[in-house]
Amino acid sequence: MLVSAISQNRNNGYNMSSNMPFYNSRSNETIGDTAFNSLTPYVSKKVVSSEKLPQIFDNINEWQNFCHKQILGFFDGVHTAHQAVIKSALDYAGEAMLITFKDSPAKYFNQEAEYIYTRKQSLKKIMSLGVSGVVELNFAEIANMPADEYLKFIVQKYNPISISTGYNHTFGKNRSGNPDFLAENADKFGYKYICVPPQMFNDQIISSTLIRKLLKEGNILLANRLLGTNFMLEGTVIRGAQLGRTIGFPTANIKYTPEIVQIPFGVYSARVNNRPAVLNWGMKPTVHNTKEPIVEVHIINFDGDLYGKNIEIEITSKIRDEKKFRGLEELRTQIEKDVKECLKL
């Protein structure tokens, strides 16, 4: 990911927090603790509503005069390592715009794209970090641009006083641009290069790839810790067979968003609008009335009508695997246990 913090005042002092390591391009040294392990998400001093989305633009020229500090990259999950890079730019420049892509670059290379969050969820999370606005670009339009041309474009367009990236950032045709390339060109173009080293947890590098793996394994607790927020599903409530009502556990049903990484079939502790809930994701093997998997969530002590409404479900931990029971009474008894387990967590 490339983070470019731009300011009209090139005499600003660098005010990065003391425990955030950075690469000094002028001395080719990494300064600070390279095993920075804080998993607390950065929150801007500017308080914003979690429902508020940043201003979104479709091209660079549309917002050129809106803000002179930018963040560039594709932030799948906006996890704690992404937050460290964003923080490095915000600590330096105070405010920033984020330039990203409408779709994962993986799609350009004909690879399957599995997202951790939906676009809407990612934008909300980015906004909560203090980013002022977002520009969404078409990756195909810059994918074949040589690294030196891309860097010249950034410098000529925005005159950056600093560029911050993660340790493994690459850009340009054939990924020819990297941290060494940015450090080597820092003096030439007059910017300070800040390279945020790997963010570690239990000797593992925090990454979107690792978090997707954890989610696929059902390790929700650790995935959430590395995300800094809970994994979420969202969708419009649809009508089901209403079988849950007959055994005392009405559910709100939604379809699993296809492009979101899939967690294993099973029963999960969840929250809906800050209310505790039990979620089942799977084929409902006890009742045999579905041809495709469905998300069912029972919101504890809630009896409202949610049909046709969009809900956001935070998944906090896995309770058990999906199981076929001998009948509805056995299923009801198990759901009672699931609810008690959920309330303990």
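Cut-off values and rules
Residues numbered from 1 in each chain as written. Predicted model: local features only at pLDDT ≥ 70, side-chain atom pairs only at ≥ 80, totals over all residues. Heavy atoms only, no water. Helix = DSSP H or I, 4+ residues; strand = E, 2+ residues; numbered from the N terminus. Buried < 20%, exposed > 50% of the residue type's maximum accessible area, 1.4 Å probe, protein only. Contact = heavy atoms within 4.5 Å. Areas by Shrake-Rupley, 256 points an atom, 1.4 Å probe, with all protein chains shown as cover. Phe/Tyr/Trp six-rings, centres within 6.5 Å; stacked < 30°, edge-to-face > 60°. Lys NZ or Arg CZ within 6 Å of the ring centre and 35° of its normal. Axes fitted to C-alpha atoms, helices over the stretch in contact; angles between N-to-C directions. Parallel < 35°, antiparallel > 145°, perpendicular 65-115°, else oblique. Left-handed = near helix turned anticlockwise from the far one by under 90°. Nonpolar A, V, L, I, M, F, W, Y, C, P; charged D, E, K, R; others polar. Salt bridge = Lys/Arg side-chain N within 4 Å of Asp/Glu carboxyl O.

1. Here's the deal with the overall build of the protein
Inference 1: Summing up its helical and strand segments, the protein has 10 helices and 17 strands in all.
Inference 2: Per-residue burial for the protein yields a buried fraction of 52% across its 345 residues.
Inference 3: In the protein, the share of contacts with a sequence separation of at least 24, taken over all contacts with a separation of at least 6, comes to 76%.
Inference 4: For the protein, the accessible surface area stands at approximately 17100 Å², while carbon and sulfur atoms represent 46% of it.

2. Here we look at the packing of aromatic side chains
For any pair of aromatic rings, the description rests on two quantities: the centre-to-centre distance and the angle between the ring planes.
Inference 1: For the structure shown, the criterion picks out 4 aromatic pairs.
Inference 2: With a centroid separation of 4.4 Å and an interplanar angle of 40°, the aromatic rings of tyrosine 256 and tryptophan 281 are classed as tilted. One end of the pair, tyrosine 256, is in the loop between strand 13 (252–254) and strand 14 (266–272); the other, tryptophan 281, is in strand 15 (residues 275–282), with 25 residues separating them in the sequence. For the pair tyrosine 256 and tryptophan 281, a shared accessibility class is recorded, and that class is buried.
Inference 3: For tryptophan 281, a relative accessible area of 1% puts it in the buried group.
Inference 4: Each member of the aromatic cluster is reached from another via a ring pair, and the members are Tyr150, Phe171 and Phe181.
Inference 5: The ring centre of tyrosine 307 lies 3.9 Å from the NZ or CZ of arginine 239, which sits over that ring.

3. Quick look at unusual backbone geometry
Inference 1: For asparagine 174, which is not a glycine, the phi torsion comes out positive at approximately 60°.
Inference 2: The residue asparagine 174 is located in the loop between strand 8 (162–166) and helix 5 (179–184) in this model.
Inference 3: A relative accessible area of 70% places asparagine 174 in the exposed class.
Inference 4: Residue lysine 284 is not a glycine yet carries a positive backbone phi of 50°.
Inference 5: Structurally, the position occupied by lysine 284 is in the loop between strand 15 and strand 16 (294–299).

4. Overview of the packing of helix 7 (residues 208–217) against helix 8 (residues 220–227)
Inference 1: The N-to-C vectors of helix 7 and helix 8 enclose an angle of 155°; their axes lie 8 Å apart at closest approach. The angle between the axes of helix 7 and helix 8 places the two elements in the roughly antiparallel class. As for the relative orientation of helix 7 and helix 8, their crossing is left-handed in sense. In contact with Leu210, Ile211, Leu214 and Leu215 of helix 7, helix 8 contributes Ile220, Leu222, Ala223, Leu226 and Leu227.
Inference 2: Among the residues making up the contact of helix 7 with helix 8, the classes are represented as 9 nonpolar, no polar and no charged.

5. Let's talk about the pattern of salt bridges
Inference 1: Under the criterion given, the structure shown has 13 salt bridges.
Inference 2: Measuring nitrogen to oxygen at the nearest pair gives 2.5 Å for the salt bridge that ties arginine 212 to aspartate 76. Separated by 136 residues along the polypeptide, arginine 212 in helix 7 and aspartate 76 in the loop between strand 5 (70–72) and helix 1 (80–93) bring together distant segments of the chain.
Inference 3: Arginine 212 gets classed as buried once you look at its relative accessible area, which sits at 19%.
Inference 4: With a shortest N-O distance of 3.6 Å, glutamate 296 and lysine 284 are connected by a salt bridge. You can see glutamate 296 sitting in strand 16 and its partner lysine 284 sitting in the loop between strand 15 and strand 16, a full 12 residues away along the chain.
Inference 5: Look at glutamate 296 and you get buried, because its relative accessible area is 14%.
Inference 6: Residue lysine 284 is classed as buried on the basis of its relative accessible area of 14%.

6. Side note on helix 8
Inference 1: The buried fraction of helix 8 is high, at 6 of 8 residues.
Inference 2: Those residues of helix 8 lying buried are Ile220, Leu222, Ala223, Asn224, Leu226 and Leu227.
Inference 3: Positive phi appears at glycine 228, one or two residues downstream of helix 8, with a value of about 85°.

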